[in-house]
Amino acid sequence: MIVRVRFAPSPTGYLHVGGLRTALYNYLFARHHGGKMILRIEDTDRTRLVEGAQENLIKSLEWAGINFDEGPHIGGDFGPYIQSERFDLYKKYGMELIESGHAYYAFDTPEEIDAMREKQKSTGDFKYQRDLMKNSLNLTTEETKKQIEEGHPYVIRMKVPHEQEIVFQDIIRGEVKVIGKEVDDQVLLKSDGFPTYHLANVVDDHLMQITHVIRGEEWLPSTPKHTLLYRAFGWDVPEFAHLPLLLNKDKSKLSKRQGDVAVEDYVAKGFFKDAFINFIALLGWNPTGDREIYSFDELIEFFNLEKVNKAGAVFDLEKLTWVNAQYLRTKSMDELADYIIPYLESQNQNYINRDFLKQVIDLFKERIENMLDLYETTNYMFAKPTEFDLEALKKNWKEETTEIMPKYLEFLKTQSDWTHSPLYEATKIFCEEQNFKIKFIVNPLRIMITGSSKGAGMFETMELLGKKECIDRIEYFWANISLK
Ligand code: GLU
């Protein structure tokens with residue numbers, strides 16, 4: 001059997017991080033088993049359509065490195081892959097269920113449905129009461145025919161066997177059992193002839209020969225309905241795996257209110273693709289339990305649906321930031337420069353030149369967690385500081401400093417070797433001769449040169465900035481900034 005899985009999003013605007021996790025698990029599973037990965041667009045709910053949403057979804061999936069073997073953008077033997085292009089099919093299958101007695105016509109008006117709903121209000125749960133309503137189970141064949149001929153609107157509902165126990169296997173959750181009377185007589189075809197998600201989803205999964213349905217836990221309550229539909233059609237039931245919910249830190253369902261949920265927001269925030277995928281892959285699964293960093297190939301190699309957790313997975317931004325920092329530290333200066341240069345250019349930031357930028361990155365890569373923090377932390381490397389942390393400077397300013405600092409400046413001017421280590425050694429000797437602690441030189445010096453009291457190693461920073469630039473900056477400070 002060749003494994004065939006699908007990612008079946010509804011194009012409602014953007015790729016949700018939960019959607020990315022679902023797509024990724026399908027992809028890892030397909031690649032692990034040498035199977036096929038299919039993209040199907042589930043756009044049966046025409047009221048929720050958003051312009052450009054499909055393109056946007058595909059763009060985000062491509063960014064993530066999730067490649068499809070079949071789909072609307074590449075074609076395949078089982079198309080069309082967009083449900084709105086398959087409407088005739090669903091109608092045909094809906095009618096087949098009427099004929100086999102697994103579905104029926106229902107002619108209730110919206111008002112009648114509302115009244116029924118109202119009566120059930122106290123139970124908190126709404127089910128279509130087929131024995132009491134106007135449908136082809138209660139009308140004679142002639143009456144039904146007449147209703148249709150007279151043009152009364154109708155829907156087609158599934159006839160759920162109330163006494164039957166519906167059992168299916170879930171790879172993650174084991175056996176799931178539901179009794180028929182707990183399941184609503186789901187509408188399969190709406191009065192405008194459009195299918196509901198349930199009918200279209202089952203018909204397509206069958207026709208597209210999907211072997212494993214891997215989707216979010218929120219679809220678990222739909223699975224008994226789907227199981228019944230497969231049986232009613234006489235089709236094989238695919239294997240199911242319902243992935244754990246994604247949660248906010250407070251364990252509520254991941255929501256926009258507590259942070260970003262669109263993949264594109266994380267791209268814009270400067271998270272690396274490989275770090276983000278690594279992080280997303282571990283939301284509900286960990287291949288070994290003692291590692292957090294895996295390459296894409298390792299994720300494919302280790303992927304095992306049976307090891308996915310049942311419990312919800314917390315989307316922890318701090319962990320994502322940590323994972324991102326781990327990736328940052330292993331990337332080459334060229335990769336990091338390639339990543340950040342387009343961003344700096346789009347912001348009109350002067351980075352001097354690529355080589356200089358690479359050296360700055362090298363100096364700071366252990367100190368930042370996200371490349372977008374680079375410029376903010378290091379802007380003094382690219383332009384003279386305009387603001388100085390005088391509070392911090394004064395803390396390290398001794399009475400003697402006023403006298404020693406100009407001497408040190410003159411001493412610096414005589415230095416021919418401006419690499420960091422000799423510069424440090426020379427400074428050490430200078431301080432010893434002056435009988436002055438080196439920190440009382442270095443700390444004020446840092447603020448004069450960079451404006452800030454924090455940064456990378458001072459002498460490394462000076463080496464990179466170059467002699468002339470450092471001397472210029474100290475002289476500027478000396479001439480223009482008052483410590484009073
Ligand atoms: N269209 C559904 C969604 O938006 C697909 C659910 C499924 O995979 O069956 O997530």
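Predicted model, so just to flag it, every value in this text is computed and none were measured.

**A look at the site of the ligand**
Neighbouring the ligand are Arg-6, Ala-8, Ser-10, Glu-42, Tyr-197, Asn-201, Arg-215 and Trp-219. One of the side-chain N or O atoms of Glu-42 is found 2.6 Å from a nitrogen atom in the ligand. At a separation of 3.0 Å, an oxygen atom of the ligand approaches a polar side-chain atom of Asn-201. Within the complex, the protein chains bury 83% of what would otherwise be the 290 Å² of accessible surface of the ligand. Of the residues assigned to the shell around the ligand, the class counts are three nonpolar, two polar and three charged.

**A short note on the packing of aromatic side chains**
The final tally for this structure, using the stated rule, is 31 aromatic pairs. Taking the centre distance of 5.2 Å and the plane angle of 10° together, the rings of Tyr-375 and Phe-382 count as stacked. The same class applies to Tyr-375 as to Phe-382, namely buried. Across from the ring centre of Tyr-93, 4.3 Å away, lies the NZ or CZ of Lys-92, which sits over that ring.

**Focus on the pattern of salt bridges**
Here the structure, examined in full by the defined rule, presents 29 salt bridges. When the shortest N-O distance is used, the salt bridge between Arg-31 and Asp-69 registers 3.3 Å. With Arg-31 in helix H1 (residues 17-32) and Asp-69 in the loop between helix H2 (53-63) and helix H3 (87-99), the pair connects residues that are 38 residues apart, well separated along the chain. Accessibility expressed as a relative area gives 25% for Arg-31, which makes it partly exposed. Note that Arg-40 and Glu-42 form a salt bridge whose closest N and O atoms lie 2.8 Å from each other. Assessed through its relative accessible area of 6%, Glu-42 is described here as buried. Each of Arg-6, Arg-40, Glu-42, Arg-86, Asp-204 and Asp-205 takes part in a single network of salt bridges with overlapping partners.

**Overview of the packing of helix H13 (residues 354-364) against helix H19 (residues 458-465)**
Direction vectors running N to C along H13 and H19 enclose 175°, while the axes themselves pass 11 Å from each other. By the angle between their axes, H13 is roughly antiparallel relative to H19. Here Phe-356, Gln-359, Val-360 and Leu-363 of H13 come into contact with H19, specifically with Glu-460, Thr-461 and Leu-464. Here the residues of the contact of H13 with H19 are counted per class, giving four nonpolar, two polar and one charged.

**What to know about the pairing of strand E4 (residues 155-158)**
Burial of the side chains of E4 extends over both faces: Val-155 and Arg-157 are buried on one face and Ile-156 and Met-158 on the other. Relative to E4, strand E3 (residues 103-106) is paired through four bridges, and the arrangement is antiparallel. Bridge pairing in E4 links Ala-103 to Met-158. Judged from the two bridges that link them, E4 and strand E7 (residues 187-189) form a sheet pairing that is antiparallel. Pairing of Arg-157 across the sheet is with Val-187, part of E7.

**Thoughts on the environment of Asn-324**
Among the secondary structure elements, Asn-324 is positioned in helix H11 (residues 317-330). Between the alpha carbons of Asn-324 and Ile-293 there is a distance of 10.0 Å; along the sequence they are 31 residues apart. Beyond its immediate chain neighbours, meaning those up to four positions away, Asn-324 contacts Gly-270, Phe-271, Phe-272, Ala-275, Glu-369 and Asn-370.

**Observations concerning the sheet that holds E4**
Read from one edge of the open sheet, three strands run E3-E4-E7, paired in antiparallel fashion. The outermost strands of the open sheet, each flanked by one partner alone, are E3 and E7. Each adjacent strand pair in this sheet contributes to an overall mean axis angle of 45°, direction not counted.

**Looking at the environment of Lys-428**
Position of Lys-428 among the secondary structure elements: in helix H17 (residues 420-434). Placed 10 residues apart in sequence, Lys-428 and Ile-438 show a C-alpha to C-alpha distance of 6.4 Å.

**Here's the deal with the side chain of Asp-185**
When you line up the elements, Asp-185 lands in the loop between strand E6 (174-179) and E7. Judged by relative accessible area, Asp-185 falls into the buried class, the value being 2%. Within polar-contact distance, the side chain of Asp-185 engages the side chain of Tyr-104 at 2.5 Å. Apart from the residues lying within four places of it in its own chain, the contact partners of Asp-185 are Tyr-104, Tyr-128, Arg-130, Arg-157, Met-158, Lys-159, Val-160 and His-162.

Reading the values: the criteria
- All residue numbers here refer to positions counted from 1 along the written sequence of the relevant chain.
- A pLDDT threshold of at least 70 governs which residues receive local features in this predicted model, and a stricter bar of 80 or more applies before side-chain atom pairs are shown or counted, although totals over entire chains, interfaces and linings include all residues.
- Values reported for side chains reflect all heavy atoms of the structure, with hydrogen atoms and water molecules removed beforehand.
- Near, as used in this document, describes a residue that has one of its heavy atoms within 4 Å of the molecule or strand being considered.
- Here a polar contact is recorded for every N or O atom pair within 3.5 Å, except that within protein the pair must consist of a potential hydrogen donor and a potential acceptor, and residues adjacent in sequence are included only if both atoms are side-chain atoms.
- Only the protein chains shown count as cover for residues, and the accessible areas themselves come from Shrake-Rupley with a 1.4 Å probe.
- Residues are grouped as follows: Ala, Val, Leu, Ile, Met, Phe, Trp, Tyr, Cys and Pro are nonpolar; Asp, Glu, Lys and Arg are charged; all remaining types, including Gly, are polar.
- Paired rings are identified among Phe, Tyr and Trp, the last through its six-membered ring, by centres lying within 6.5 Å, and are further divided according to the angle between planes into stacked (under 30 degrees), edge-to-face (over 60) and tilted (the rest).
- Type-normalised accessible area, obtained with a 1.4 Å probe on protein chains alone, sets the label of each residue: buried when under 20%, exposed when over 50%, and partly exposed for intermediate values.
- For a ring to carry a charge above it, either NZ of a lysine or CZ of an arginine must fall within 6 Å of the ring centroid while also lying within 35 degrees of the normal to the ring plane.
- The term salt bridge refers to a pairing of a side-chain nitrogen on Lys or Arg with a carboxyl oxygen on Asp or Glu at a separation within 4 Å.
- Every helix listed is a DSSP run of H or I at least four residues long, and every strand listed is a run of E at least two residues long, numbered separately from the N terminus.
- Axes here mean lines fitted to C-alpha atoms, for a helix over just the part in contact, with angles spanning 0 to 180 degrees between N-to-C directions.
- Roughly parallel refers to an angle under 35 degrees, roughly antiparallel to one over 145, roughly perpendicular to one between 65 and 115, and oblique to any angle outside these ranges.
- Contacts are residue-level and defined by heavy atoms, with any inter-residue pair within 4.5 Å sufficient.
- One requirement defines pairing of two strands: DSSP has to find at least two bridges between them.

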